[in-house]
Amino acid sequence: MAEQLTDVQQAIATSSTPAAEFQRLSRSRQREVFFLLPETIQQSLVEDMDPDQLREFVRRLDPDEVTDILALAAEDTRTAVLRRLDEDRRERVEYLLGFSSESAAGLMHLDYVTVDADRGLEEISNRVQRHEARTGRIPTIFVTEDGELLGELPGQVLAMSDDGPVELRDHVLETPTVAYDAADEEVLDVFREHPESSVAVLDDDGSVMGVIYAEDLLRVVEEEATETLYEFTGVQEEESILDGPLSKVRYRYKWLIINLGTAFLAAGAVGFFEDTIAAFTLLAVYMPVVAGMGGNAGTQSMAVTVRGIALDQISLSTGGRAVVNEIIAGAANGLITGVLVAVIASVFNQSPLLGLVLGVSMVLNLVIAGFFGTTIPLVLDKIGKDPATSATIFITTMTDVLGFFIFLGLAKAVL
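Scoring rules and cut-offs
Counting of residues starts from 1 at the beginning of each chain's written sequence and follows it residue by residue. Where totals are concerned, whole chains, interfaces and linings use all residues; where local detail is concerned, this predicted model gives features only for residues with pLDDT of at least 70, and gives and counts side-chain atom pairs only at 80 or more. With hydrogens and water excluded, all non-hydrogen atoms of the structure serve as input to the side-chain values. UniProt positions are given in the numbering used here, feature names are shortened, and annotations may be inferred rather than shown by experiment. Strands are runs of DSSP state E lasting at least two residues, helices are runs of H or I lasting at least four, and both sets are numbered from the N terminus onward. Contacts are assigned to residue pairs that have any heavy atoms within 4.5 Å of one another. Surface accessibility follows the Shrake-Rupley procedure with a 1.4 Å probe radius. Residue values consider only the protein chains on display as shielding. Accessibility here uses a 1.4 Å probe with only protein chains present; expressed as a share of the type maximum, an area under 20% marks a residue as buried, one over 50% as exposed, and anything in between as partly exposed. When DSSP finds two or more bridges between two strands, those strands count as paired. Geometry is summarised by axes, namely lines fitted to C-alpha atoms with helices restricted to the contacting stretch, and by angles between N-to-C directions that run from 0 to 180 degrees. pLDDT is defined as a per-residue confidence score from the predictor, taking values between 0 and 100. Patch definition: residues above 30% relative accessible area lacking any salt bridge, with like charges linked at up to 9 Å and the nonpolar side chains Val, Leu, Ile, Met, Phe, Trp and Tyr linked at up to 5 Å. What counts as a salt bridge is simple: a side-chain nitrogen of Lys or Arg found within 4 Å of a carboxyl oxygen of Asp or Glu. In this tally Asp and Glu are treated as negative and Lys and Arg as positive; neither His nor the chain ends contributes. By convention, charge coordinates are those of NZ in Lys, CZ in Arg, CG in Asp, or CD in Glu. Any two of the Phe, Tyr and Trp rings considered here, Trp counted by its six-membered ring, make a pair once their centres fall within 6.5 Å; the pair's planes then place it as stacked at under 30 degrees, edge-to-face at over 60, or tilted in between.

- Under an unreviewed UniProt entry, the chain has the name Magnesium transporter and belongs to Haloterrigena gelatinilytica.
- The Sequence similarities (unreviewed entry) comment attached to the chain in UniProt states, word for word, "Belongs to the SLC41A transporter family."
- Entered under Subcellular location (unreviewed entry) in the UniProt record, the comment concerning the chain runs "Membrane".

Next comes the structure, spelled out in structure tokens:
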């Protein structure tokens, strides 16, 4: 099934007429495929549909899904589609379209009912049944008292109506809440603290506006993970694996040019020792080893530091201990790997002095990697720059340039 979906996605993304390819799918398959496509392809499909096609596509979808789709449409197309929806669905979608898709209100459902704590179970049951008959969805039941949210009433409590009067307050479960304008990352943090709960979205006056379920956060989790990966590698968030080669070139060339500039800095450092390398050609063989180990170690330190910054565990003013820990760890790892590479150079190249130079260089370069891998993200965060986006290029440059200076400088002095 997954392979079939991938084939369909590929066919739509690479087709010269993606809308026509999409229209060949069944209605149920259209929904399944659409929300798995990259946003750029989704945008193209929506733009290529006329109002009749778009209305036919969305008319059986949930209001929050309709909202996500119509947000991609041109205003005149959106208006035409909304005009043709039934009144209840149109009102819900228009309400949801008023909020940012990256906010709590943009994630919420309207499948809830609010009941006063003094209401009886029979009355609550009737309200739930009316909501289900009107929307086809079983609502979450929120209990309030004097306008203040007490929590959620489990649906199974309604089955107790035959046992006589029930005090609702004794059965209400505490419900985490979030402001309607909270960013989706904040909503995600709330779910991390309360993974088994739904979250109530509140207006400024504390009244319930909607409800968010755990499955609604899947898109946010995927986007957050993708964004972090893209930031670490310098790839634009808009890029998809299904994009054509020209799009990929447009998204990547600027980052590669910046990397080219830093590569010339490293080449300049090597150029200072041209005579040394000419006299001891074996040095050229081991230069990538020194640079590669320093770059990898620096990236490891950066990853841990960026995560600590994201979780508010560390800042520039409190990062002294972390820097020292990374320097010590770098020295220890440098000693371990340095001994290994020194033994290899001594045995295979019959040069104990070369092994010594390599070993010492490895220790010093991993110390440098630990230091800059920690301090650069902290400094960037302090000045308001995103360390995940910017740190890698600076760390790699420092470990390459200083690593080459140390390795070739020691080689010139010793060999």
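### So, the overall build of the chain
Link 1 in the chain: Broken down by element type, the chain carries 18 helices and 6 strands.
Link 2 in the chain: Expressed as a percentage of contacts within the chain between residues at least 6 apart in sequence, the contacts between residues at least 24 apart total 64%.
Link 3 in the chain: Carbon together with sulfur atoms contributes 55% to the accessible area of the chain, which is approximately 22400 Å² in total.

### Some words on the pairing of strand S5 (residues 199-202)
Looking down a regular strand, the side chains alternate between one sheet face and the other.
Link 1 in the chain: Both faces of S5 are covered, namely the face carrying Val199 and Val201 and the face carrying Ala200 and Leu202.
Link 2 in the chain: Strand direction decides the pairing type here: S5 and strand S6 (residues 208-212), joined by 4 bridges, are antiparallel. Looking at S6, one finds that leucine 202 is bridged to valine 208.

### As for the UniProt feature "transmembrane region" (unreviewed entry) in the chain
Link 1 in the chain: Under the UniProt annotation, "transmembrane region" (unreviewed entry) lies at residues 255-273, 327-348, 354-380 and 392-411.
Link 2 in the chain: Within the segment residues 327-348, helix and strand shares are 100% and 0% respectively, and the terminal C-alpha atoms sit 31 Å apart.
Link 3 in the chain: Within residues 354-380, the helical portion is 100% and the strand portion 0%, while the C-alpha atoms at the span's ends are 37 Å from each other.

### Here's the deal with the sheet that holds strand S1 (residues 112-116)
Link 1 in the chain: Sheet architecture is open: 3 strands sit in the order S1-S2-S3, paired in mixed fashion. Looking at which strands have only one partner, the edges of the open sheet turn out to be S1 and strand S3 (148-152). Neighbour to neighbour, the strand axes of the sheet diverge by 35 degrees on average, direction disregarded.
Link 2 in the chain: Pairing geometry for S1 and strand S2 (residues 140-145), over 5 bridges, is parallel. Bridge pairing in S2 places valine 115 opposite valine 143.

### Overview of the side chain of serine 351
Link 1 in the chain: Structurally, serine 351 can be placed in the loop between helix H16 (320-348) and helix H17 (352-382).
Link 2 in the chain: For serine 351, the contacting residues outside a window of four places in its chain are Ala345 and Ser346.

### Some details on the environment of glutamine 23
Link 1 in the chain: Mapped onto the secondary structure, glutamine 23 falls in helix H2 (residues 18-23).
Link 2 in the chain: The exposure class of glutamine 23 is partly exposed, given its relative accessible area of 25%.
Link 3 in the chain: Along the sequence, glutamine 23 and leucine 45 sit 22 residues apart, while their C-alpha atoms lie 9.8 Å from each other.
Link 4 in the chain: In this view, glutamine 23 contacts Gln30, Met49 and Gln53; residues no more than four positions away in its chain are not counted.

### Describing helix H7 (residues 75-83)
Link 1 in the chain: Along H7, the residues that are buried comprise Thr77, Ala80, Val81 and Leu82.
Link 2 in the chain: Here the buried face of H7 lies against helix H5 (51-58), helix H6 (63-70) and helix H8 (87-97).

### Quick look at the confidence of the model for the chain
Link 1 in the chain: A residue-level look at the chain finds 83% of positions with pLDDT of 70 or above and a mean pLDDT of 79.
Link 2 in the chain: The low-confidence segment residues 1-5, where pLDDT is below 50, has 7 contacts with residues more than four positions distant or belonging to other chains.

### Notes on a negative patch on the surface
Link 1 in the chain: Judged by side-chain charge, Asp181, Glu186, Asp203, Asp204 and Asp205 come together as a negatively charged surface patch.
Link 2 in the chain: Along the chain, glutamate 186 turns up in helix H11 (residues 184-193).

### Description of H6
Link 1 in the chain: The element H6 is largely enclosed, with a buried count of 7 among its 8 residues.
Link 2 in the chain: Within the span of H6, buried status applies to Pro63, Asp64, Glu65, Val66, Thr67, Ile69 and Leu70.
Link 3 in the chain: The elements touched by buried residues of H6 are helix H3 (27-34), helix H4 (39-48), H5, H7 and H8.

### Section: the pattern of salt bridges
Link 1 in the chain: In the structure shown here, the tally under the stated rule is 5 salt bridges.
Link 2 in the chain: The partner of aspartate 118 in a salt bridge is arginine 169, with the nearest N and O atoms 3.0 Å apart. With aspartate 118 in the loop between S1 and helix H10 (121-135) and arginine 169 in the loop between S3 and strand S4 (177-179), this residue pair connects regions lying 51 residues apart in the sequence.
Link 3 in the chain: Arginine 169 gets classed as partly exposed once you look at its relative accessible area, which sits at 34%.
Link 4 in the chain: One salt bridge in this structure joins glutamate 123 and arginine 119, with 3.6 Å as the shortest N-O distance.
Link 5 in the chain: Exposure remark for glutamate 123: the relative accessible area of 37% places this residue in the partly exposed category.
Link 6 in the chain: One network of salt bridges, with partners in common, ties together Asp118, Glu145 and Arg169.

### Here's the deal with the sheet that holds S5
Link 1 in the chain: As summarised here, the arrangement of the 3 strands in space is S4-S5-S6, forming an open sheet in which the pairing is mixed. Each of the sheet's edge strands pairs with one partner strand only, and the pair in question is S4 and S6. Strand-to-strand twist of the sheet, defined as the mean angle between neighbouring strand axes without regard to direction, takes the value 30 degrees.
Link 2 in the chain: Pairing between S4 and S5: 3 bridges, direction parallel. Looking at the pairing, threonine 177 lines up with alanine 200 of S5.

### Focus on the packing of aromatic side chains
Two aromatic rings, taken as a pair, are described by how far apart their centres are and by the angle between their planes.
Link 1 in the chain: Counted by the stated rule, this structure contains 6 aromatic pairs.
Link 2 in the chain: Judged by centre distance (6.2 Å) and plane angle (65 degrees), the rings of phenylalanine 99 and tyrosine 180 are edge-to-face. Placement of phenylalanine 99 in the loop between H8 and helix H9 (104-107) and of tyrosine 180 in the loop between S4 and H11 is noted, with a sequence separation of 81 residues between them.
Link 3 in the chain: Among the aromatic residues, those joined into a cluster by ring pairs are Tyr95, Phe99 and Tyr180.

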